[in-house]
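Structure at a glance
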Amino acid sequence: MDGYFISFTLPRGDFDRTVRSQFLFSATGSVLQSRALPAGWPKSIENAPAIEKDLNGESVLLTYDDASQRVFASVWYEEW
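On a predicted model such as this, the values are computed, not experimentally measured, just so you know.

Procedures and definitions
- Residues numbered from 1 in each chain as written.
- Predicted model: local features only at pLDDT ≥ 70, side-chain atom pairs only at ≥ 80, totals over all residues.
- Heavy atoms only, no water.
- Patch = residues over 30% accessible without salt bridge, like charges linked within 9 Å, V, L, I, M, F, W, Y side chains within 5 Å.
- Areas by Shrake-Rupley, 256 points an atom, 1.4 Å probe, with all protein chains shown as cover.
- Salt bridge = Lys/Arg side-chain N within 4 Å of Asp/Glu carboxyl O.
- Helix = DSSP H or I, 4+ residues; strand = E, 2+ residues; numbered from the N terminus.
- Buried < 20%, exposed > 50% of the residue type's maximum accessible area, 1.4 Å probe, protein only.
- Contact = heavy atoms within 4.5 Å.
- Core = buried A, V, L, I, M, F, W, Y, C linked by side-chain atoms within 4.5 Å.

On the surface, Y4, I6 and F8 cluster together to form a nonpolar patch covering roughly 300 Å² of accessible area. Within the element layout of this structure, F8 appears in strand β1 (residues 2–9). According to the relative accessible area criterion, F8 is partly exposed, its value standing at 35%.

This part is about the pattern of salt bridges. Scanning the entire structure with this criterion turns up four salt bridges. The salt bridge partner of D16 is R12, with a shortest N-O separation of 3.3 Å. In this pair, D16 and R12 are both assigned in helix α1 (residues 12–19), four residues apart and thus about one turn of the helix distant. Its relative accessible area of 34% is what places D16 among the partly exposed residues. Across the salt bridge formed by R12 and D66, the nearest N and O atoms sit 3.0 Å from each other.

Position of F72 relative to the elements: it lies in strand β5 (residues 70–77). Once the C-alpha coordinates of F72 and F8 are considered, the two residues, 64 residues apart in sequence, prove to be 6.9 Å apart. Ignoring anything within four residues of it in the chain, the contact list for F72 reads I6, S7, V31, W41, P42, I45, L61, L62, T63 and D65.

On to the nonpolar core. Ranked by size, the top nonpolar core spans 11 residues in total: L10, F15, V19, F23, I51, V60, L62, Y64, V71, A73 and V75. Within the residue set of this core, elements represented by two or more residues are α1, β4 (58–65) and β5. When residues no more than four places from it in sequence are discounted, the contact partners of V71 are I6, S7, F8, L10, F15, L62, T63 and Y64. Within the second largest apolar cluster, nine residues are counted, among which are A27, V31, L32 and W41.

Written out as structure tokens, the structure is:
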């Protein structure tokens with residue numbers, strides 16, 4: 001299994017309206033899925049609850065950090 005970490009800035013209202021509404025359930029565990037914290041990501045992300053969506057059979061996990069107004073995401077896939 002391989003994957004990517006990404007983060008981007010988005011105001012909370014925009015996140016709730018355009019992103020969160022697309023995710024139907026909470027994930028078990030964090031966005032990191034037992035992987036190391038990427039450089040530049042706040043330590044609080046390690047244990048923050050994530051929301052999850054299946055996208056064409058691949059798992060997309062997100063968490064939102066209010067302090068920085070950033071979305072932190074991971075995408076895990078078997079093969080592309």
